[in-house]
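Fold and geometry: a report
Residues per chain, in single letters:
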There are 2 protein chains.
Amino acid sequence: MSSIKAKAVMYSSYGDPSSVINIHNYNIDLTNLKSDEIIMQTLASPINPSDINQIQGVYPSKPPLTTELGTSEPSAVAGNEGLFKVIAIGNQVSKFQIGDWCIPSGANFGTWRTHAISNESNLIKLPNDSKLSLNQAATITVNPSSAYQMLTYYIDLKPGDWFIQNGGNSQVGKAAIQIGKKLGLNSISIVRNRPDLDVLKNELYELGATKVITEDENSDKEFGKVIKEWTKGKPIKLGLNSIGGSNLTNMARKLGHDAMLLTYGGMSMKPVSLPTSLFIFKNLTAKGFWVTENIKRIPGSREDTINKLLQFIEDGDFKDVVNFEIDLNLNELTDDDLLNAFKKGLKDSSKGKQIVKFT
Amino acid sequence: MSSIKAKAVMYSSYGDPSSVINIHNYNIDLTNLKSDEIIMQTLASPINPSDINQIQGVYPSKPPLTTELGTSEPSAVAGNEGLFKVIAIGNQVSKFQIGDWCIPSGANFGTWRTHAISNESNLIKLPNDSKLSLNQAATITVNPSSAYQMLTYYIDLKPGDWFIQNGGNSQVGKAAIQIGKKLGLNSISIVRNRPDLDVLKNELYELGATKVITEDENSDKEFGKVIKEWTKGKPIKLGLNSIGGSNLTNMARKLGHDAMLLTYGGMSMKPVSLPTSLFIFKNLTAKGFWVTENIKRIPGSREDTINKLLQFIEDGDFKDVVNFEIDLNLNELTDDDLLNAFKKGLKDSSKGKQIVKFT
């Protein structure tokens, strides 16, 4: 075999993702591999909300559209997160061996494809002989990395300290619960009221949640007293917000003096609205969090974060929280199979995290 | 003379300031002065919004109610800012001489009175032989100190950098314009539309404003282009907010990447409402500013700030912006005179800063 027939999910214009994505076929030449290059086969490609926004053209971080892969129109490969397996290496590659697992070290790698070629410096090696599951490896760079950095990079939380978050059953929310527990932190997670609330609460308690409350409880002024009993008057030092609107405003009222509020999403489509008094008299600091920017701003932060997460996973008791998997067989994969898998993932992404897996 | 007949404006319960304040007469014994104590005669007592909120009981910083001055009910002297003249000193007092000007170094001093007695360690000396006017000396600790600390304590602004503020014609706003000019900063000040807009604009330009814009201009998306021409694309790094609501939201959209937004007031009674994207994608940091808390949190900050302000004033070209003065003659002062002066000041405080002066 002197070349690999690769397929990639690409777009040449921005718009509704299901309409603008298409499959591009190209060859990866095995005989012409540069000394520091690696050829990889994709194991899993998650679909994140930011991937969707990127294809829509509304995400501030975008890969350039190029004809590098031989497309007739300048195009980009979709996807930013993915797990790959090394299948060939250049003769100067030092960090990787055939069979190793790896993930991109930067953003805009273009992960929705069957194979990729990359300089080894753009890849991070992950252990594939440990307690790390394939799903955990494939989804480590966005949600758990965001949760870890928000819990540790902004305010010095000590074991026994409390944080509060909305979107408690989102991927980041669940990661924050698990990582918080590993760090010895107490958490209050706000979730929407629902018929099967106890099922969700139990799931979060099994992940290590200290307390799970509903939006109704969060909005009830009297409930603040219950929270004060839980925390024994300890100030809640950190809030994680992915919702905005009144949910956030009510959550922010639970924060103690000198607290940090980090906003990493705005699911309600409503603004970050905070009483003036929280700023002036409670010395609140409100900042934003964007993992894509953080890994650029803080050199080594992606690697440091992944190493910490791997350690948590190695220590055990760290649950896999992937929601939906779409399996594809690389040996008999047609363009339609690949396109339809991602279209289905895009369509269902509001129901939970989708991962396209290649076997 | 072995004692001084002093009068103080006091309150023993919280409520409408004009209703709850009353005059208390007491003697300051000159023969029994402790070695480190100073007796002072009041020169000027400003009326600040925070003094009003304190008497209303809605301000988080409150002096304790005591019977220290011989009141029948536990009471506190109103006022937090004031200029005093030293009229007697204990035999170990080292920093002060008779005739010196001084101001309280901390909050909750109780400044609405004719005379006071204090340990010298609670006082800061001001020059009374310089370019510093009596009004400037009397009002240096709240508004100009707030403006100076907001412009210098939170983000490293270099000469030529831009900041933006709403409430441009407030006392803090005017101080920020003057101090900003001294620091070599460019300012954009947002003011309300009014019939005599040009008069106000000219006043602010004479203080050193770089640009003055109206709320209408601030809310017009097209006007952002005009601002970008002014700043030549330089990011606006700092915003000062005393208004909240849509005024603030529109102002925040003018801020550049990595900007700091400081909220020190909420005149609109509406919350600090900010688009989620400013936090996530423009890395905005929003904090509160409260000078009362800052001088506690940062030791030496009141003295440092005042020394810097005195230097600006000494350098010249620093204008006196006091609005309204109420003059009282100490020699023939009745309880009614004193009470009515402060009642008038309270009533008129929405029109501009009021200062009760004792001669």
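Residues numbered from 1 in each chain as written. Chains lettered and ligands numbered in written order. Predicted model: local features only at pLDDT ≥ 70, side-chain atom pairs only at ≥ 80, totals over all residues. Heavy atoms only, no water.

**Structural notes on the overall build of chain A**
Condition: Working definition: helices are DSSP H or I runs of at least four residues, strands are E runs of at least two. Numbering for both runs from the N terminus. The reference for a compact globule is 2.2 Å times residues^0.38; the radius of gyration itself is calculated from the C-alpha atoms. Partly exposed describes any residue whose relative accessible area lies between the buried limit of under 20% and the exposed limit of over 50%, with all areas from a 1.4 Å probe on protein chains only and scaled to the type maximum. Charged residues are defined narrowly, with Lys and Arg counted positive, Asp and Glu counted negative, and His plus the chain ends left uncounted. The atoms used to mark charge sites are NZ of Lys, CZ of Arg, CG of Asp and CD of Glu.
Across its full length, chain A carries 13 helices and 17 strands. Taking 21 Å as the expected radius of gyration for a compact globule of 359 residues, we find that chain A reaches 22 Å, a close match to that expectation. If one aligns the C-alpha atoms of chain A with their principal axes, the spans along those axes are about 70 × 40 × 35 Å. When burial is assessed residue by residue, chain A has 57% of its 359 residues classed as buried. One finds the centroid of the 39 positive side-chain charges in chain A at a distance of 6 Å from the centroid of its 38 negative side-chain charges.

**Quick look at the interface of chain B and chain A**
By a widespread convention, an interface's size corresponds to the accessible area lost as its parts come together. Rules: Here a residue-residue contact requires only that any non-hydrogen atoms of the pair lie within 4.5 Å. Computed with a 1.4 Å rolling probe, the buried area is the accessible surface lost when two parts are put together, summed over both parts. The rule for a salt bridge is simple: a side-chain nitrogen of Lys or Arg has to be within 4 Å of a carboxyl oxygen of Asp or Glu. Here a polar contact is recorded for every N or O atom pair within 3.5 Å, except that within protein the pair must consist of a potential hydrogen donor and a potential acceptor, and residues adjacent in sequence are included only if both atoms are side-chain atoms.
Each side of the interface is counted separately: chain B has 26 residues, and chain A has 26 residues. Here chain B meets chain A over a buried area of about 2,100 Å², counting both sides, of which 59% is carbon and sulfur. When residues of chain B are sorted by the area they lose upon contact with chain A, Phe279, Ile280 and Phe281 of chain B head the list and together hold 26% of the total. Between Asp258 of chain A and Arg297 of chain B there is a salt bridge, with the nearest N and O atoms lying 3.9 Å from each other. One can count five residue pairs in polar contact (both at pLDDT 80 or more) joining chain B with chain A.

**Re the sheet that holds strand E2 (residues 22-29) of chain A**
All names here are of chain A. Put simply, the rule is: DSSP-based pairing: two strands are paired if at least 2 bridges between them are found.
The three strands are arranged E2-E1-E4 in an open sheet whose pairing can be described as antiparallel. Looking at which strands have only one partner, the edges of the open sheet turn out to be E2 and strand E4 (76-77). Where strand E1 (residues 3-11) meets E4, two bridges bridge the pair, whose relative direction is antiparallel. Across the sheet, the residue bridging to Tyr11 is Ala76, located in E4.

**Remarks on the packing of aromatic side chains**
All names here are of chain A. Here is the rule: Under the pairing criterion, centres of Phe, Tyr and Trp rings, with the six-membered ring standing for Trp, must be within 6.5 Å; the plane angle then separates stacked pairs below 30 degrees from edge-to-face pairs above 60, leaving the rest tilted. Whether a charge sits over a ring comes down to the Lys NZ or Arg CZ being within 6 Å of the ring centre and within 35 degrees of the ring normal.
Summed over all chains, the structure comprises 22 aromatic pairs over all chains. Ring centres of Phe84 and Phe109 lie 5.6 Å apart, and the angle between their planes is 55°; on these two criteria the pair is classed as tilted. Of this pair, Phe84 sits in strand E5 (residues 83-89) while Phe109 sits in the loop between strand E6 (101-104) and strand E7 (115-119), and the two are 25 residues apart along the sequence. Each member of the pair, Phe84 as well as Phe109, is classed as buried. Ring geometry for Phe312 versus Phe318: centroids 6.5 Å apart, planes at 15°, classification stacked. The same class applies to Phe312 and to Phe318, which are both buried. Among the aromatic side chains, those forming a connected cluster through ring pairs are Tyr148, Tyr153, Phe312 and Phe318. The cationic tip of Lys62 hangs over the ring face of Tyr14; the distance from NZ or CZ to the ring centre is 5.5 Å.

**Some remarks on the domain arrangement of chain A**
All names here are of chain A. Filter applied, for reference: For each domain, the first and last residues come from an automatic or database assignment.
By the assigned domains, chain A splits into domain 1 (3-139 + 323-358) and domain 2 (143-293). Taken over C-alpha atoms, the centre of domain 1 sits 33 Å from the centre of domain 2. Each partner contributes residues to the interface: domain 1 has eight residues there, and domain 2 has six residues. In total, domain 1 and domain 2 occlude about 510 Å² of area from one another, counting both sides; carbon and sulfur atoms represent 48% of this. At the junction of domain 1 with domain 2, the criterion picks out zero salt bridges. On the surface where domain 1 and domain 2 come into contact, there are one residue pair in polar contact (both at pLDDT 80 or more).

**Comments concerning the relation of the copies chain B and chain A**
Relating one copy of the chain to the other takes a rotation about an axis and a shift parallel to that axis. To keep it simple, the criterion reads: Superposing the copies works by least squares over the C-alpha atoms of residues that have pLDDT at least 70 in both of them.
Overlaying chain B with chain A gives an RMSD of 0.1 Å, the required rotation being 180° about an axis along which the chain moves by 0.1 Å. In short, the pair behaves as if placed about a two-fold rotation axis. When each C-alpha of chain B is compared by its distance to the rotation axis, Ser273 of chain B comes out closest, at 2.0 Å. The overlap is high: 100% of the interface residues of chain B also sit at the interface in chain A, so the same surface is used on both sides.

**Comments concerning the UniProt feature "domain: Enoyl reductase (ER)" (unreviewed entry) in chain A**
Quick note on the threshold: UniProt positions are given in the numbering used here, feature names are shortened, and annotations may be inferred rather than shown by experiment.
The feature "domain: Enoyl reductase (ER)" (unreviewed entry), as given by UniProt, occupies residues 18-356 of chain A in the numbering adopted here. The span residues 18-356 of chain A shows a helical share of 34% and a strand share of 25%, and its end C-alpha atoms are spaced 15 Å apart.

**Digging into the pairing of strand E15 (residues 285-288) of chain B**
Here E15 of chain B shows two buried faces, one formed by Thr285 and Lys287 of chain B and the other by Ala286 and Gly288 of chain B. Looking at chain direction, strand E15 (residues 285-288) of chain A and E15 of chain B are connected through three bridges and run antiparallel. Counterpart to Ala286 of chain A in the pairing with E15 of chain B is Ala286 of chain B. With four bridges connecting them, strand E13 (residues 255-263) of chain B and E15 of chain B associate as parallel partners. Looking at E15 of chain B, one finds that Leu262 of chain B is bridged to Lys287 of chain B.

**Considering the environment of Asp317 of chain A**
Looking at the element boundaries, Asp317 of chain A is found in the loop between helix H12 (301-315) and strand E16 (324-328). C-alpha of Asp317 of chain A to C-alpha of Phe163 of chain A: the two residues are 154 residues apart in sequence and 21 Å apart in space.

**Regarding helix H9 (residues 245-252) of chain A**
Along H9 of chain A, seven of the eight residues are buried, which leaves the element largely enclosed by surrounding structure. Within the span of H9 of chain A, buried status applies to Gly245, Asn247, Leu248, Thr249, Asn250, Met251 and Ala252 of chain A.

**Looking at the pattern of salt bridges**
Residues and elements named next belong to chain A. Scanning the entire structure with this criterion turns up 27 salt bridges over all chains. The salt bridge involving Asp161 is made with Lys237; its shortest N-O contact spans 3.4 Å. A residue pair is termed long-range when its members are at least 10 positions apart, and Asp161 in the loop between helix H4 (143-152) and strand E9 (162-165) and Lys237 in strand E12 (residues 236-241) qualify at 76 residues. Overlapping salt bridges, with partners in common, bring together Lys344, Lys347, Asp348 and Lys351 in one network.

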